[in-house]
There are 2 protein chains.
Amino acid sequence: MSGVATQPHLGLKAPPPLPEGGLRVMALGGLGEIGRNMAVLEFDGQLLVIDCGVLFPEAEQPGIDLILPDFGVIEHRLDDITAVVLTHGHEDHIGAIPYLLRLREDIPLVGSRFTLALVKAKLREHRIDPVLVEVAAGDDHLAGPFHCEFISVNHSIPDALAVAVHTPAGLLVHTGDFKMDQLPLDGVLTDLGAFARLGVSGIDLLLSDSTNAEVPGFVTPERSIGPVLDDVFARATQRLIVSSFASHVHRIQQVLDCAHKHDRKVALVGRSMVRNMGVARDLGLLHMAPGLMVSLDDAAKMPPEQVVLVSTGSQGEPLSALGRMARGDHHQVTIEPGDTVVLASSLVPGNETAVYKVINGLSRLGATVVHKETAKVHVSGHAPAGELRTLLNVAKPRYLMPVHGEWRHLRAHAKLAEETGMPADRVLLAEDGVVIDLVDGKATIVGSVPIGNVYVDGLNVGDVGEESLQARRILGDEGFVALTVVVEPSTRTIVRPVHLSTKGFSDDPSAFDEVLRLVEDSLRRALQDENVDAHRMSQIIRRTVGKWVSDKHRRRPMIIPTVLEV
Amino acid sequence: MSGVATQPHLGLKAPPPLPEGGLRVMALGGLGEIGRNMAVLEFDGQLLVIDCGVLFPEAEQPGIDLILPDFGVIEHRLDDITAVVLTHGHEDHIGAIPYLLRLREDIPLVGSRFTLALVKAKLREHRIDPVLVEVAAGDDHLAGPFHCEFISVNHSIPDALAVAVHTPAGLLVHTGDFKMDQLPLDGVLTDLGAFARLGVSGIDLLLSDSTNAEVPGFVTPERSIGPVLDDVFARATQRLIVSSFASHVHRIQQVLDCAHKHDRKVALVGRSMVRNMGVARDLGLLHMAPGLMVSLDDAAKMPPEQVVLVSTGSQGEPLSALGRMARGDHHQVTIEPGDTVVLASSLVPGNETAVYKVINGLSRLGATVVHKETAKVHVSGHAPAGELRTLLNVAKPRYLMPVHGEWRHLRAHAKLAEETGMPADRVLLAEDGVVIDLVDGKATIVGSVPIGNVYVDGLNVGDVGEESLQARRILGDEGFVALTVVVEPSTRTIVRPVHLSTKGFSDDPSAFDEVLRLVEDSLRRALQDENVDAHRMSQIIRRTVGKWVSDKHRRRPMIIPTVLEV
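Residues numbered from 1 in each chain as written. Chains lettered and ligands numbered in written order. Predicted model: local features only at pLDDT ≥ 70, side-chain atom pairs only at ≥ 80, totals over all residues. Heavy atoms only, no water.

A. The overall build of chain A, seen in detail. Per the secondary structure count, chain A includes 15 helices and 27 strands. With the principal axes as the frame, chain A shows a C-alpha extent of 85 × 70 × 45 Å. In chain A, which comprises 566 residues, the share counted as buried stands at 59%. In chain A, 72% of the contacts between residues at least 6 apart in sequence involve partners at least 24 apart. When the accessible surface of chain A is summed, it comes to about 21700 Å², and 52% of that surface belongs to carbon and sulfur atoms. Counting 54 positive and 72 negative side-chain charges, chain A places the averaged centre of each group 5 Å from the other. (Helix = DSSP H or I, 4+ residues; strand = E, 2+ residues; numbered from the N terminus. Buried < 20%, exposed > 50% of the residue type's maximum accessible area, 1.4 Å probe, protein only. Contact = heavy atoms within 4.5 Å. Areas by Shrake-Rupley, 256 points an atom, 1.4 Å probe, with all protein chains shown as cover. Lys, Arg positive; Asp, Glu negative; His and termini not counted. Charge placed at Lys NZ, Arg CZ, Asp CG, Glu CD.)

What follows is the structure, given as structure tokens:
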């Protein structure tokens, strides 16, 4: 399942063999992009994987459902994998697990209770029965030569962990995704004491979350959203709809508390919302006051001022419940003037157009829409500059490898490290596939292996590649013009009129009448030469049509000539 | 040139005839969208047009170059148009002028000096010689029954005007795009005195810019960007590249001043940048210190620390100079580690992915990229909530029609008006095509006419419609599978093997071997029935392939069956 080759890392060659006693680190995803996080550690011939997530496609990857890390580098070494450590339950950290386990189902998955619960639910849908190893902050786990120690971190999902990996080659610490909310709803702080202790013992290489490295300062506490919601609830006279990520238990908890306070019943809308909140409740991570929850069916029948709908769709997904409401075609919920909709969520880069489309649709129908740009209904889950500096000063790593970020984030993180006094050559700026070896306490970039984008499209994994995507881009922008000619080779005559089929070029059916005549004329002329063959005729069709659309329309549709000999 | 019908305004019917002595107002674009601004006023059988801009397409309009206002409503009344008033020179206000003048070339264009200079340059490219009427703030212009009075406003382009239209039916004021920078670089303030004076005389209907209605407070002065640039220039040790809009004369002026202060030469990069700044210089709106400017050729030869490149491409346009630099394929400029790139511009919604792609590309090559999210290198050109309230309190209109905005902006503007004490029924929330009549001093929504999207694609205007776009979306997401069968009708035999042509579905050429057999089998079976015709055979192909791709791949490519009888 090797993917489409992306731009190779600036001037790097294939890496040399890993020296005896050295630790090798490589990312198969997550560097140079936000998503499909997957780090691979190698020591003494054995591998430890940290996270295995998916990346969501951009506009230039049309029709793609998901992008996986490129397993090509490890798929011939699946038996060397001692475990996959999962730092938390977000899709960009666990989403690709089903595809990895298809290659080897019994790879042990090590993670916290909530993380594993989400993984398990996901794998059930893929009919995979995984080997799960539950750990908690403070626990140790030995995976081959990798002695893992888990540290609690605070993030936008409960039960998130950082992992310290002790090997004879040295100590590597991976923060996972984290921030330093000092008033976390569940009281679980990022354990700076543990990072400090490890720092004293000597962290050789720190892999740290770069997502918000460009953002100055410190995070606003998640708690601060409660009063804002309370104010919105107090002013809402009719139906309330709050949309957020289906994994953001603490955000949803505050919505439930608000609803309880304002005597509104709550209905969960959206498959993942219902599933995840059920899991969270069962694990005691989400508290639902008795009688608070109702079904959407019941909520739809209640007076609007007595309900809150908690739904997915905060990223503008057109097929989500909220997306349908915004278009006025949800089968149970009709937006009425005076309704209030809260998007209590981030605006993931790339989703802006879709999200504003939903906001505009709801506004058009008369709803008041509250979103992060008009009220403080969202705080980020990732540490901004101030907290990243703090971690560096506490953990005092010898080397830093910025992870979890696009190039702008990785470079900004590097700058922060240099500000805290780290020599520039101690910051290892890498992208997917870049190989870093830690040998004798010294970490260096030793080379790079090609990492591709592995595309999931429907049930297909890896079948759709750059060639198909390029065709989709042309077809999607310009449409196609297909011309089919049937010729009788012996007599070299065109048996029937040239058949034209076109889509996406023009709504005017007569658009091609002119060029059809041109094509038939040039073919007839060509057929007078007895050496002309099907290939040559195809060239003539392509050239004639291409010139015509370019001169007359300044367009370049895909031109598909077919010459059939009968 | 009538366009693709969009969603009709909630429950409105066609408008009744305009009563004698009444003023009719309708937008052909710009309401419910940011772009293609065009308002049409009607009095006593004559029309006045205010602005005529283009809208830039979104992802669901693939391959489209521009979207025009729908002239369908007025194209049978072109001779009734007394003039087109242009408030300022931005593309979303003047971009569609060439397409309107194609319908009637001698429509008088009324606007300020700089606005008309930009329009003239644009029309030259379309080989159109317009009738231009230059006006300045304080001037009057009589266009048929429309007595226009022009008011200076402050915006992100020089020489912007608001227009007051006096008619026997009452006074209408259109702000155009404005903000209230109290320290404008060119000293030209938004003339609150004029708005106050008109307010005292009684403004019946105010059309006011809604773009930033969701943004609290007041604008930061354009001037405040100077010191930020100065700081960036002071820290830059190598090449400096500053990107901004090619019409933002004041922004560019500050870059030139900074360059002069730091002894750097300036080269303008990008066709529109060179053209517009030339126009601005000729009109005395842009001041270039002697010897400051050099050609890009010369700049490319100079030591990097002695030059500043001022370029287009701030919105991530892949073909722009900056876009090429970010991909490392600009023929004259190669980004080196240590270079500094400043995006001194807004981030237009919808362009985020493209802009971040450029920022990441530059970062990857080692450049330090300064952009609005990391430094105060941009201020908006549109009045936020505080200034919109101020205008309403100064102008005291009887009725407000929020314009220039998506639904979220229009509704937010309506809220602001109600805060300032306007009764809700005095705020007319309309979208494109909604008709408002001002009769006996009373403004009401009287109906709506369908307004479509008129798409420009290459040289084609209006040929590409919803049908083609829908095809493009399917083709762009899923690709196509075309199967061609040649049959001999009399013998009802398939003359040659079924021919398959597919693009965008899979990079694996053998993907369809299986289904080809299925298709041939089902066709042979079908042909045993003598009633089967080409149409029926096409259905069979479509059904067989459709079921197969859906069951086996969970995909839905476009299926194109062709049955040729010979």
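B. Representation of the sheet that holds strand β19 (residues 399–403) of chain B in the model. Residue and element names in this part refer to chain B. With mixed pairing, six strands are arranged side by side in an open sheet as β9-β10-β11-β12-β13-β19. Each of the sheet's edge strands pairs with one partner strand only, and the pair in question is β9 (140–143) and β19. Taking the axes of each pair of neighbouring strands and ignoring which way they run, one obtains an average angle of 20° across the sheet. Pairing analysis gives four bridges linking β9 to strand β10 (residues 146–152), with the strands arranged antiparallel. Directly across from His141, in β10, lies its bridge partner Cys148. Its contacts with the sheet put helix α4 (residues 192–201) on β10, β11 (161–167) and β12 (170–174), and the angle it makes with β10 is roughly 145°. Seen against the sheet, helix α11 (residues 385–395) touches β13 (205–209) and β19 and runs at an angle of roughly 165° to β13. (Pairing = 2+ DSSP bridges. Axes fitted to C-alpha atoms, helices over the stretch in contact; angles between N-to-C directions.)

C. The arrangement of the pattern of salt bridges in detail. One pass over the full model with this rule turns up 58 salt bridges over all chains. The salt bridge involving A:Glu214 is made with A:Arg408; its shortest N-O contact spans 2.9 Å. With A:Glu214 in the loop between β13 (205–209) and α5 (225–235) and A:Arg408 in helix α12 (residues 407–419), this pair connects stretches of sequence that are 194 residues apart. This pair shows no difference in class: A:Glu214 is buried, exactly as A:Arg408 is. A:Arg281 is the partner of A:Asp282 in a salt bridge, and the nearest nitrogen-oxygen pair spans 3.1 Å. Exposure remark for A:Asp282: the relative accessible area of 57% places this residue in the exposed category. Taken together, the shared-partner salt bridges connect A:Asp457, A:Arg472, B:Glu478 and B:Arg555 into one network. (Salt bridge = Lys/Arg side-chain N within 4 Å of Asp/Glu carboxyl O.)

D. Representation of the packing of helix α13 (residues 466–478) of chain A against helix α13 (residues 466–478) of chain B. Where α13(A) contacts α13(B), the axes come no closer than 7 Å and their chain directions differ by 175°. Viewed along their axes, α13(A) and α13(B) adopt a mutual orientation that is roughly antiparallel. Contacts between α13(A) and α13(B) pair A:Arg472, A:Leu475, A:Gly476, A:Asp477 and A:Glu478 from the former with B:Arg472, B:Leu475, B:Gly476, B:Asp477 and B:Glu478 from the latter. A breakdown of the residues in the contact of α13(A) with α13(B) according to their chemical character gives two nonpolar, two polar and six charged. (Parallel < 35°, antiparallel > 145°, perpendicular 65-115°, else oblique. Nonpolar A, V, L, I, M, F, W, Y, C, P; charged D, E, K, R; others polar.)

E. Representation of the interface of chain B and chain A. At the interface, 73 residues of chain B touch 73 residues of chain A. Counting each side, the surface lost to burial between chain B and chain A is near 5800 Å², with a carbon and sulfur contribution of 53%. The largest share of the area that chain B buries against chain A comes from B:Arg364, B:Arg408 and B:Asp507, three residues that together contribute 13% of it. Applying the counting rule to chain B against chain A returns eight salt bridges. The salt bridge partner of A:Arg364 is B:Glu431, with a shortest N-O separation of 2.5 Å. For the pair chain B and chain A, the number of links is 44 residue pairs in polar contact (both at pLDDT 80 or more). At the level of elements, α10 (352–364), β18 (368–371), α12 (407–419), α13, β24 (480–488), β26 (499–503), α15 (534–553) and β27 (558–565) of chain B are the ones that each hand at least two residues to the side of chain B that touches chain A. Here the residues of the side of chain B that touches chain A are counted per class, giving 21 nonpolar, 24 polar and 28 charged. (Buried area = accessible area lost by both parts, 1.4 Å probe. Polar contact = N/O pair within 3.5 Å; in protein donor to acceptor, adjacent residues only side chain to side chain.)

F. Structural context of the domain arrangement of chain A. Here chain A is described as being made up of domain 1 (4–217 + 380–451), domain 2 (222–370) and domain 3 (466–565). The C-alpha centroid of domain 3 of chain A is placed 53 Å from the C-alpha centroid of domain 2 of chain A. (Domains from an automatic or database assignment.)

G. Spotlight on the environment of B:Val348. Residues and elements named next belong to chain B. Here Val348 lies in the loop between β17 (340–343) and α10. As a C-alpha pair, Val348 and Pro69 span 279 residues in sequence and 20 Å in three-dimensional space. Not counting chain neighbours up to four residues away, the residues in contact with Val348 comprise Phe245 and Gln315.

H. Spatial organisation of the relation of the copies chain B and chain A. Screw-axis analysis of chain B against chain A gives a translation of 0.0 Å along the axis, an RMSD of 0.0 Å, and a rotation angle of 180°. Such a combination of turn and shift is consistent with a two-fold rotation axis. No C-alpha of chain B approaches the rotation axis more nearly than that of B:Gly476, which lies at 1.8 Å. Same-surface contact between copies: 100% of interface residues of chain B are shared with the interface of chain A. (Least-squares fit on C-alpha atoms with pLDDT ≥ 70 in both.)

I. Focus on the pairing of β18(B). All names here are of chain B. In the sheet, β17 pairs with β18 via four bridges, with the strands oriented parallel. Bridge pairing in β18 links Thr340 to Thr368. Chirality of the crossover, the property in question, places the unit of β17, α10 and β18 among those that are right-handed. (Right-handed = clockwise from strand over helix to strand, strands pointing away.)

J. Fine view of the UniProt feature "domain: Metallo-beta-lactamase" (unreviewed entry) in chain A. Residues annotated in UniProt with the feature "domain: Metallo-beta-lactamase" (unreviewed entry) correspond here to residues 35–229 of chain A. Secondary structure across residues 35–229 of chain A comprises 19% helix and 27% strand; the distance between its end C-alpha atoms is 30 Å. (UniProt positions renumbered as here; feature names shortened; annotations may be inferred.)

K. View of the sheet that holds strand β8 (residues 132–134) of chain A. Residues and elements named next belong to chain A. Ordered in space as β8-β7-β6-β4-β3-β2-β20-β21, the eight strands form an open sheet in which the pairing is mixed. Since the sheet does not close on itself, it has two edges, and those belong to β8 and β21 (442–448), each with one partner. Each neighbouring strand pair of the sheet contributes to a mean axis angle of 25°, computed without reference to strand direction. Sitting on the sheet, helix α3 (residues 113–125) touches β7 (109–111) and β8, and the angle it makes with β7 is about 140°.

L. Broad picture of the layout of surface pockets. Of the pockets and cavities examined, the second largest pocket occupies roughly 980 Å³. Breaking the lining of the second largest pocket down by element, the ones donating at least two residues are α11 (385–395) and α12 of chain A together with α5 (225–235), α10 and β18 of chain B. The element best represented in the lining of the second largest pocket is α12(A), accounting for eight residues. In terms of residue class, the lining of the second largest pocket is made up of 21 nonpolar, seven polar and eleven charged. (1 Å grid on protein atoms, 1.4 Å probe; cavity = no way out; pocket = protein on both sides within 12 Å on 5 of 7 lines; lining within 4 Å. Points joined across faces, edges and corners; volume = space filled by probe spheres on them.)

M. View of the packing of α11(A) against α12(A). Residue and element names in this part refer to chain A. Where α11 meets α12, the closest approach of the two axes is 10 Å, and the angle between their N-to-C directions is 50°. Looking at the two axes, α11 sits oblique to α12. In the crossing of α11 with α12, the sense of the turn from one axis to the other is right-handed. Of the residues in α12, those touching α11 at Ala385, Leu388, Arg389 and Leu392 are His413, Leu416, Ala417 and Glu419. A per-class count over the contact of α11 with α12 returns five nonpolar, one polar and two charged. (Left-handed = near helix turned anticlockwise from the far one by under 90°.)

N. View of the UniProt feature "binding site: Ca(2+)" (unreviewed entry) in chain A. When the UniProt feature table is mapped onto this chain, "binding site: Ca(2+)" (unreviewed entry) is found at A:Gly63, A:Asp65 and A:Asp457. With the annotated positions falling across 395 residues, the maximum pairwise C-alpha distance of 7.1 Å places them together in a single cluster. By the secondary structure assignment, A:Gly63 is in the loop between β4 (46–50) and β5 (66–68). Not counting the four nearest positions on each side in its chain, A:Gly63 is found in contact with A:Asp457, A:Arg472 and B:Asp477.

O. Spatial organisation of the environment of A:Thr353. Along the chain, the position of A:Thr353 falls in helix α10 (residues 352–364). Note on A:Thr353: relative accessible area 25%, which makes it partly exposed. Each C-alpha atom of the pair A:Thr353 and A:Ser490 lies 58 Å from the other, and the pair is 137 residues apart in sequence. Those residues in contact with A:Thr353, other than ones at most four positions away along the chain, are B:Glu58 and B:Gly350.

P. Looking closely at empty space enclosed by the protein. All names here are of chain B. Enumeration over the complete set of coordinates arrives at nine cavities of 30 Å³ or more. Its boundaries defined by the atoms lining it, the largest cavity holds a volume of some 130 Å³. Lining the largest cavity we find 21 residues, and of these Asn37, Met38, Ala39, His174 and Val403 sit closest to its centre. Put simply, the parts of the chain that give the lining of the largest cavity at least two residues each are β2 (23–29), β3 (38–43), β13 and β19. Tallying contributions element by element places β2 first for the lining of the largest cavity, with four residues. Along the lines of polarity and charge, the residues of the lining of the largest cavity split into ten nonpolar, eight polar and three charged.

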